[in-house]
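# Residue-level structural notes
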There are 2 protein chains.
Amino acid sequence: MSDSVVLDPVDLEILRLLQNDARMTYRELAAAVGVAASTCLDRVARLRRGGVILGQVLRVDPARLGRPLEALLSVQVRPHRAELIGPFVERVRALPQARALFHLTGPDDYLVHVAVAGPAALQRLVLEEFTARREVARVETRLIFGRWECGPVLPPAPAESGPGPVG
Amino acid sequence: MSDSVVLDPVDLEILRLLQNDARMTYRELAAAVGVAASTCLDRVARLRRGGVILGQVLRVDPARLGRPLEALLSVQVRPHRAELIGPFVERVRALPQARALFHLTGPDDYLVHVAVAGPAALQRLVLEEFTARREVARVETRLIFGRWECGPVLPPAPAESGPGPVG
DNA sequence: GGTGAAAAAGGGCATTC
DNA sequence: GAATGCCCTTTTTCACC
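Everything numeric in this text was worked out from a predicted model, so none of it was measured. (Residues numbered from 1 in each chain as written. Chains lettered and ligands numbered in written order. Predicted model: local features only at pLDDT ≥ 70, side-chain atom pairs only at ≥ 80, totals over all residues. Heavy atoms only, no water.)

### As for the environment of glycine 106 of chain A
All names here are of chain A. For clarity, the threshold we go by: Secondary structure counts use DSSP, requiring at least four H or I residues in a row for a helix and at least two E residues in a row for a strand, with both numbered from the N terminus. Residue exposure (1.4 Å probe, protein chains only): buried if accessible area is under 20% of the type maximum, exposed if over 50%, otherwise partly exposed.
Note on placement: glycine 106 falls in the loop between strand E3 (98-104) and strand E4 (110-116). Glycine 106 sits in the partly exposed class, given a relative accessible area of 41%. The spatial distance from the C-alpha of glycine 106 to the C-alpha of arginine 27 is 47 Å, given a sequence separation of 79 residues.

### Section: the interface of chain A and chain B
Applied cut-off: Residue contacts are counted whenever heavy atoms from the two residues lie within 4.5 Å of one another. Buried area counts how much accessible surface, traced with a 1.4 Å probe, disappears from two parts once they are put together, with both parts' losses summed. The term polar contact refers here to a pair of N or O atoms within 3.5 Å; inside protein, the definition further demands a hydrogen-donor-capable atom paired with an acceptor-capable atom, and it admits residues adjacent in sequence only when both atoms are side-chain atoms. Here the term charged refers only to Asp, Glu, Lys and Arg, the term nonpolar to Ala, Val, Leu, Ile, Met, Phe, Trp, Tyr, Cys and Pro, and the term polar to all other amino acids, Gly among them. Pairing between strands requires that DSSP locate at least two bridges from one strand to the other.
With 61 residues of chain A at the interface, the matching set in chain B holds 61 residues. Both faces considered, chain A and chain B share a buried interface measuring about 6,100 Å² in area, 62% of it formed by carbon and sulfur atoms. One can count 19 residue pairs in polar contact (both at pLDDT 80 or more) joining chain A with chain B. Within the residue set of the side of chain A that touches chain B, elements represented by two or more residues are helix H1 (9-20), strand E1 (53-60), helix H4 (82-94), E3, E4 and strand E5 (136-149) of chain A. Counted by class, the side of chain A that touches chain B contains 35 nonpolar, twelve polar and 14 charged residues. Bridging between E1 of chain A and strand E1 (residues 53-60) of chain B involves seven bridges; their strand directions are antiparallel. What sits directly across from isoleucine 53 of chain A, in E1 of chain B, is valine 60 of chain B.

### Focus on the domain arrangement of chain A
How big an interface is tends to be stated in terms of the accessible area lost upon association of its parts. Quick note on the threshold: Note: domain ranges come from an automatic or database domain assignment.
Domain boundaries assigned for chain A yield domain 1 (9-49) and domain 2 (62-143). A straight line from the C-alpha centre of domain 1 of chain A to that of domain 2 of chain A covers 37 Å.

### Structural notes on the protein's contact with DNA strand D
Test applied: Throughout this document, a residue counts as near a molecule or strand when at least one of its heavy atoms sits within 4 Å of that molecule or strand.
Around DNA strand D, the structure places Val35, Ala36, Ser38, Thr39, Asp42 and Arg43 of chain A together with Thr25, Tyr26, Arg27 and Leu41 of chain B. Sugar plus phosphate, as a fraction of atoms of DNA strand D within 4 Å of the protein: 63%. One of the side-chain N or O atoms of arginine 43 of chain A is found 2.3 Å from a phosphate oxygen in DNA strand D. Arginine 27 of chain B is positioned such that a nitrogen or oxygen atom in its side chain is 3.1 Å from a phosphate oxygen of DNA strand D. Sorting the residues of the surface near DNA strand D by element identifies helix H3 (37-49) of chain A together with helix H2 (26-33) of chain B as the ones contributing at least two each. For the surface near DNA strand D, the element with the highest residue contribution is H3 of chain A, accounting for four residues. Residue composition of the surface near DNA strand D, grouped by class: four nonpolar, three polar and three charged.

### What about the pattern of salt bridges?
Residue and element names in this part refer to chain B. Put simply, the test is: Salt bridge, as applied in this entry: a Lys or Arg side-chain nitrogen positioned within 4 Å of an Asp or Glu carboxyl oxygen.
Within the structure shown, the criterion is met by 28 salt bridges over all chains. The salt bridge involving arginine 81 is made with glutamate 83; its shortest N-O contact spans 2.8 Å. The class of arginine 81 is partly exposed, set by a relative accessible area of 42%. Where glutamate 90 meets arginine 93, a salt bridge forms, and the shortest distance between an N and an O atom there is 4.0 Å. With a gap of three residues between them, glutamate 90 and arginine 93 both fall in helix H4 (residues 82-94), about one helical turn apart. The exposure class of arginine 93 is partly exposed, given its relative accessible area of 39%.

Encoded structure:
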């Protein structure tokens, strides 16, 4: 977890490719990037050690798991104090319906991304797990029509005018 | 891509484990789940074919890539017509700062999750890529204090009273 | 269980500061 | 001349049948 990880164009290209498909072999990676496979291995190991690569996870389709309806819940927690929001966060994270949780600035303290079986399940989730709790002052529910996870965070082209300081 | 994928507790446990760490070997997976490694292989292949498993991606730390500040932008696109929102969505997805994009019900049409280098970069992004566009009627920016991606979407325990219909 | 392939591990060579 | 990065080779492990 050294905090002085400097990234060159090769690192960026490796990250970009692996973000799209982490199952690529080092051979394929090497061919695409233009270095030796062992070099790719070294680079990836270094990025792992440096904390740039946090892990490798499975992308699963919630609809195929019986949760085709997704929504965002804006939640006000009042009073907004540490001893209340700690348990709140833990409780939300433990919900199987929860996909993501954001602590935000602004009038709504939290935004919760959930996936449920349908409208009835959504209603039940909101009523039983959120508004029923004393520290939850307000919940606003918005349905998700469509969602795009644009993983990159990286410039699509490896380096043209330079992506700026990334060390 | 058959749409009749029925999941049993073994499938759910496999998915749950691989969602936390997709680098697990089939041996480790088999030991954890309590079945043969070849069975795990078959199950995972079936889940891939069935579209339950969409892929395997790298989790990267945006802060280590020079984008330590994250925010959510609520965007109103007016008029909210298909010929305007198509290009808008494509444009947003092409931004290297964009991490996710949601199309929502409610007064705000889109929610964009972005990661930037700092407040100045955020201001520049909002002004140049959003409010400068004619179809963007309003942008509301909220900073992200903290974020938890609770990947699961699955019950934490494999099966106690039954996770309900998930086929 | 067996086979072929991929991932680690180790060492040599070049380049740089 | 010490260090770093790249590449090749070997060993080990894993995926797949």
